[in-house]
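What the coordinates show
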Number of protein chains: 2
Amino acid sequence: MRSEDIAKLAGVSRSTVSRVINNYPNVPPTTRDKVLKVIEQHQYQPNSYARALAGKGTNTIGLFVVSTAEKTAGNRIYQNNYFAPFVESVVDTANSLGYYVLIHTLYALEDYQKVKQACLQKRIDGAIMVGTRKQVEVIRELVSLEAPIVLIDYDIGEIIGNRLDRSNVSVINSKDYDGAVEAVEHLITLGHRKIGMINGSVNTFSGSERYKAYESVLQSHGLPIEPHYILNGEFLKQNAYHEVKGLLASGQELPTAFFTANDDMAAAAYEAFKEFGFSIPNDISIVGFDDGPIATQLAPKLTTVQVPIYDMSKEAVHKVVALCEQTVTAFSTVSFPAPLIVRDSCRQL
Amino acid sequence: MRSEDIAKLAGVSRSTVSRVINNYPNVPPTTRDKVLKVIEQHQYQPNSYARALAGKGTNTIGLFVVSTAEKTAGNRIYQNNYFAPFVESVVDTANSLGYYVLIHTLYALEDYQKVKQACLQKRIDGAIMVGTRKQVEVIRELVSLEAPIVLIDYDIGEIIGNRLDRSNVSVINSKDYDGAVEAVEHLITLGHRKIGMINGSVNTFSGSERYKAYESVLQSHGLPIEPHYILNGEFLKQNAYHEVKGLLASGQELPTAFFTANDDMAAAAYEAFKEFGFSIPNDISIVGFDDGPIATQLAPKLTTVQVPIYDMSKEAVHKVVALCEQTVTAFSTVSFPAPLIVRDSCRQL
DNA sequence: CTGAAAGCGCTTACAG
DNA sequence: CTGAAAGCGCTTACAG
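These numbers were taken from a predicted model, which means no experiment stands behind them. (Residues numbered from 1 in each chain as written. Chains lettered and ligands numbered in written order. Predicted model: local features only at pLDDT ≥ 70, side-chain atom pairs only at ≥ 80, totals over all residues. Heavy atoms only, no water.)

Details of the domain arrangement of chain A
Residue and element names in this part refer to chain A. If you check the domain split of chain A, you get domain 1 (3-46), domain 2 (60-174 + 309-336) and domain 3 (176-307). In this structure, domain 2 and domain 3 have C-alpha centres spaced 28 Å apart. In this assembly, 17 residues from domain 2 lie in contact with 15 residues from domain 3. For the domain 2 and domain 3 pair, buried surface summed over both sides reaches about 1500 Å², with 46% attributable to carbon and sulfur atoms. Linking domain 2 with domain 3 are zero salt bridges. Counting across the interface, domain 2 meets domain 3 through six residue pairs in polar contact (both at pLDDT 80 or more). (Domains from an automatic or database assignment. Contact = heavy atoms within 4.5 Å. Buried area = accessible area lost by both parts, 1.4 Å probe. Salt bridge = Lys/Arg side-chain N within 4 Å of Asp/Glu carboxyl O. Polar contact = N/O pair within 3.5 Å; in protein donor to acceptor, adjacent residues only side chain to side chain.)

Okay, structure coming up:
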């Protein structure tokens, strides 16, 4: 069923059919109704490709999620609990705005070509990227495509410093630095002096912010930064688990608390410590980051910094759509607060 | 940059450019290389819409995930831990096969129109649907569209009984009945006689299979089915939590074990029982279903039936793609085994 | 208010 | 081996 067929059945021309579909004002109600009826009857839907080709947008945005893990490994992106709410929220918001979403997972550096490809092939009107590593060159290339692109969790300083603050880009972050400061201060307030950290990926914006905050709070309190207190988890559960196990097995002196760069690694730490016979928070205090569903599923419930994923992803969608529809035509950036949620995983010393 | 431009730069016609792009055999290597070089230089990518319009497929499949929850509620689909691995796995598999995936979440009955729309608008070559409720009419309508469609978790009997086993459809399931039988038998072997169930959605295929198996095993062992032992969780954590709390508060006699229709509800049961001062598995044994990441995160680790989500979603993608590319042209169905994974949440009475 | 026609950027018989 | 041309199904000035 093509518009031509509808036109014939309704006794009008394709032009008129197109006009009613696109809600042009210059169609008298009777004509409109006549056409609409035929469309309804035959469940006609205009071919999206033809529309796109003829100049209408595609009404689809791309969602590119950068994996923290290798593709080959069993540990894929879904191991990051932020993946699900993120995707879900982006899809919902986009759908409610009349947009479809094309989703892609990025593992290796060369996968960024996929983003470029999707833009160049005009499959999408704009893109949202989450979890990008510090890779200005890649970003520069993408930005130069002129397609609307919103980056979630990316260093604004780097964007601006490299003159990448073009009118087709937007950056959405959470205030991870502040949240991390609050978390570590909380531990100090509870009397902790020996505070370790299970690190995320420092080549990630949020990862480095979280670490910098940790470092800075310790320093500002005159507390030493013990290298063996800093575990390299790379945001991955397995890594965190093995690192904690390793520390435990080494017999080295332990900190009394750990600030963990995400909830997943906190969960892994729970596991490792429990297997070692430690009880939380009696023998070790733990603070997470993300406040994903797992935070309240853990026993004891995890004290953690809340990243407002829903707000962020919603904002991201609204932003790309605005950019696509030319409602917004300037570089913009938003940073959402990331408050500490105190629960039961830390004790007063 | 259009194929015309490439053609000019390479000193050939659009036809030839198209031939090299589509890997036609009748292009001599020298011509091919010449064209390829220009394409490379200019990072040319053929407009996907024009290609699609001209007869090539769109190379994108639709992934429609039916939510267990209402859209308005805070409890959205991502609360189901199967969402993430599912989406992730479908996306990965599709991508590796050169397909893009359009993702959509379905909340209400009218959202099924979206599936139809996407097909009718030719946005997708085929669709995968997960979590569909028992709704033959909807399925019938979708199937009649002639677009390739693979249903995950749907009653094959219903499909066949309604002559919906058309050549454009395929059904992928896991053997939930067998898995559930194994789970309940395991409890009985451990000496349990008073076995409750936290039910999923019975209007879902897997939900009803899991329940039927429970019922049938109890009956076959001559054990009574106590109505107040059967809690209505609808696959949702909150519901399960409240149901358990309610049972606990009612002061009624408790079963010694619960078979739970998914891991999420098992986690909720853990929470409710723990808050009541119960210890697992000492005071109550619990078996889950899914074997999602949460199963091993819970303490004690959850004994649960494993649903091979990866295998299922991979198979689903391969199937739609085969259907799209006409490699397969007959109704087909696959059921994956769902074995019981024994861990630490059940005790010998 | 409405139709004929050009154009969007490809692919693919067809002819040579 | 290769080009000219028709066609895919729309939209949108343009003319009336």
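The structure having been displayed, the exposition proceeds.
Let's talk about the interface of chain A and chain B
Taken together, the contact between chain A and chain B spans 51 residues of the former and 51 residues of the latter. Between chain A and chain B lies a buried interface of about 4900 Å² when both sides are counted; carbon and sulfur atoms form 54% of it. With a closest N to O distance of 4.0 Å, K301(B) and E275(A) form a salt bridge. On the surface where chain A and chain B come into contact, there are 26 residue pairs in polar contact (both at pLDDT 80 or more). Contributing elements (two or more residues each) for the side of chain A that touches chain B: helix 4 (48-53), helix 5 (83-96), strand 2 (100-106), helix 6 (112-120), helix 12 (263-275) and helix 13 (294-297) of chain A. Top contributing element to the side of chain A that touches chain B by residue count: helix 5 of chain A, with nine residues. For the side of chain A that touches chain B, a count of residues per class yields 22 nonpolar, 15 polar and 14 charged. Bridging between strand 2 of chain A and strand 2 (residues 100-106) of chain B involves three bridges; their strand directions are antiparallel. Among the inter-strand pairings, I103(A) is bridged to a residue of strand 2 of chain B, identified as V101(B). (Helix = DSSP H or I, 4+ residues; strand = E, 2+ residues; numbered from the N terminus. Nonpolar A, V, L, I, M, F, W, Y, C, P; charged D, E, K, R; others polar. Pairing = 2+ DSSP bridges.)

Here we look at the protein's contact with DNA strand C
Around DNA strand C, 28 residues are found, and the nearest of them are S15(A), R19(A), R14(B), S18(B) and Y24(B). A share of 63% of the atoms of DNA strand C within 4 Å of the protein falls on sugar and phosphate groups. The side chain of S15(A) places a nitrogen or oxygen atom 2.6 Å from a base nitrogen of DNA strand C. Side-chain polar atom of N22(B) to a phosphate oxygen of DNA strand C: 2.9 Å apart, as the coordinates give it. The set of elements that each furnish at least two residues to the surface near DNA strand C consists of helix 2 (14-21) of chain A together with helix 2 (14-21) and helix 4 (48-53) of chain B. Among the residues making up the surface near DNA strand C, the classes are represented as 11 nonpolar, 10 polar and seven charged. (Near = heavy atom within 4 Å.)

Notes on helix 3 (residues 29-41) of chain B
Residues and elements named next belong to chain B. Under the 1.5 Å per step criterion, the end-to-end length of helix 3 is 18 Å for 13 residues, consistent within 8% with the ideal 18 Å. Looking only at helix 3, the buried set comprises T31, R32, V35, V38 and I39. An end-on view of helix 3 places all buried positions within 135 degrees of arc, on one side of the element. Turned more than 90 degrees away from the buried face of helix 3, the exposed residues are P29, T30, K37, E40 and Q41. Looking at the buried side of helix 3, the elements it contacts are helix 1 (3-10) and helix 2. Positive backbone phi, at 50 degrees, marks Q43, one or two positions downstream of helix 3. (Expected span 1.5 Å × (residues − 1). Buried < 20%, exposed > 50% of the residue type's maximum accessible area, 1.4 Å probe, protein only. Arc of directions from axis to C-beta.)

Here's the deal with the protein's contact with DNA strand D
The full set close to DNA strand D counts 28 residues, and R14(A), S18(A), Y24(A), S15(B) and R19(B) are the nearest of them. By atom count, sugar and phosphate contribute 63% of the portion of DNA strand D lying within 4 Å of the protein. Between DNA strand D and Y44(A), the relevant distance is 2.7 Å, taken from a phosphate oxygen to a side-chain nitrogen or oxygen of the residue. Here a phosphate oxygen of DNA strand D sits 2.9 Å away from a polar atom, N or O, in the side chain of R51(A). Mapped by element, the contributors of at least two residues to the surface near DNA strand D are helix 2 and helix 4 of chain A together with helix 2 of chain B.

Here we look at the packing of aromatic side chains
Evaluation of the coordinates by the stated rule reveals 11 aromatic pairs over all chains. Consider the rings of Y211(B) and Y214(B), whose centres lie 5.9 Å apart with planes at 40 degrees: the pair is tilted. Of the two residues, Y211(B) and Y214(B) are both situated in helix 10 (residues 205-220); the distance of three residues between them amounts to about one turn of the helix. On the accessibility criterion, Y211(B) (16% relative accessible area) is buried. A residue is classified by how much of its surface remains accessible, and Y214(B), at 0% relative accessible area, is buried. Among the aromatic side chains, those forming a connected cluster through ring pairs are F258(A), F273(A), F276(A) and F278(A). Lying across the ring of F289(A), R210(A) places its NZ or CZ 3.8 Å from the centre. (Phe/Tyr/Trp six-rings, centres within 6.5 Å; stacked < 30°, edge-to-face > 60°. Lys NZ or Arg CZ within 6 Å of the ring centre and 35° of its normal.)

Concerning the pattern of salt bridges
Residues and elements named next belong to chain B. Counted according to the given criterion, the structure contains 28 salt bridges over all chains. In this structure, the salt-bridge partner of E141 is K116, at a minimum N-O distance of 2.3 Å. Of this pair, E141 sits in helix 7 (residues 136-143) while K116 sits in helix 6 (residues 112-120), and the two are 25 residues apart along the sequence. For E141, a relative accessible area of 32% puts it in the partly exposed group.

Here we look at unusual backbone geometry
Residues I280(A) and P281(A) are joined by a peptide bond in cis, for which omega reads 5 degrees. Looking at the secondary structure, you find P281(A) in the loop between helix 12 and strand 9 (285-290). Residue P300(A) follows A299(A) across a cis peptide bond; omega there is -5 degrees. Relative to the elements of secondary structure, P300(A) occurs in the loop between helix 13 and strand 10 (303-306). Its identity is not glycine, yet E146(B) carries a phi of approximately 75 degrees, on the positive side.

A closer look at the sheet that holds strand 7 (residues 230-232) of chain A
In a beta sheet, neighbouring strands pair by backbone hydrogen bonds and run either parallel or antiparallel. All names here are of chain A. Strand order in the open sheet formed by six strands is 7-6-8-9-10-12, with mixed pairing between adjacent strands. One side of each edge strand has no neighbouring strand; the edge strands of this open sheet are strand 7 and strand 12 (340-341). The pairing of strand 6 (residues 195-199) with strand 7 spans three bridges and is parallel. Pairing of M197 across the sheet is with I230, part of strand 7. Docked against the sheet, helix 10 (residues 205-220) engages strand 6, strand 7, strand 8 (257-260) and strand 9, running at close to 170 degrees with respect to strand 6. (Axes fitted to C-alpha atoms, helices over the stretch in contact; angles between N-to-C directions.)

With respect to the nonpolar core
One finds I128(A), F259(A), I286(A), I128(B), F259(B) and I286(B) to be the most contacted residues of the largest nonpolar core, which totals 152 residues. Aside from chain neighbours lying at most four places away, what touches F259(A) is A180(A), A183(A), V184(A), L187(A), G196(A), M197(A), I198(A), R210(A), Y214(A), V287(A), G288(A) and F289(A). Core analysis: the next-biggest nonpolar cluster, separate from the first, contains 50 residues, C119(A), A127(A), A118(B) and V143(B) among them. (Core = buried A, V, L, I, M, F, W, Y, C linked by side-chain atoms within 4.5 Å.)

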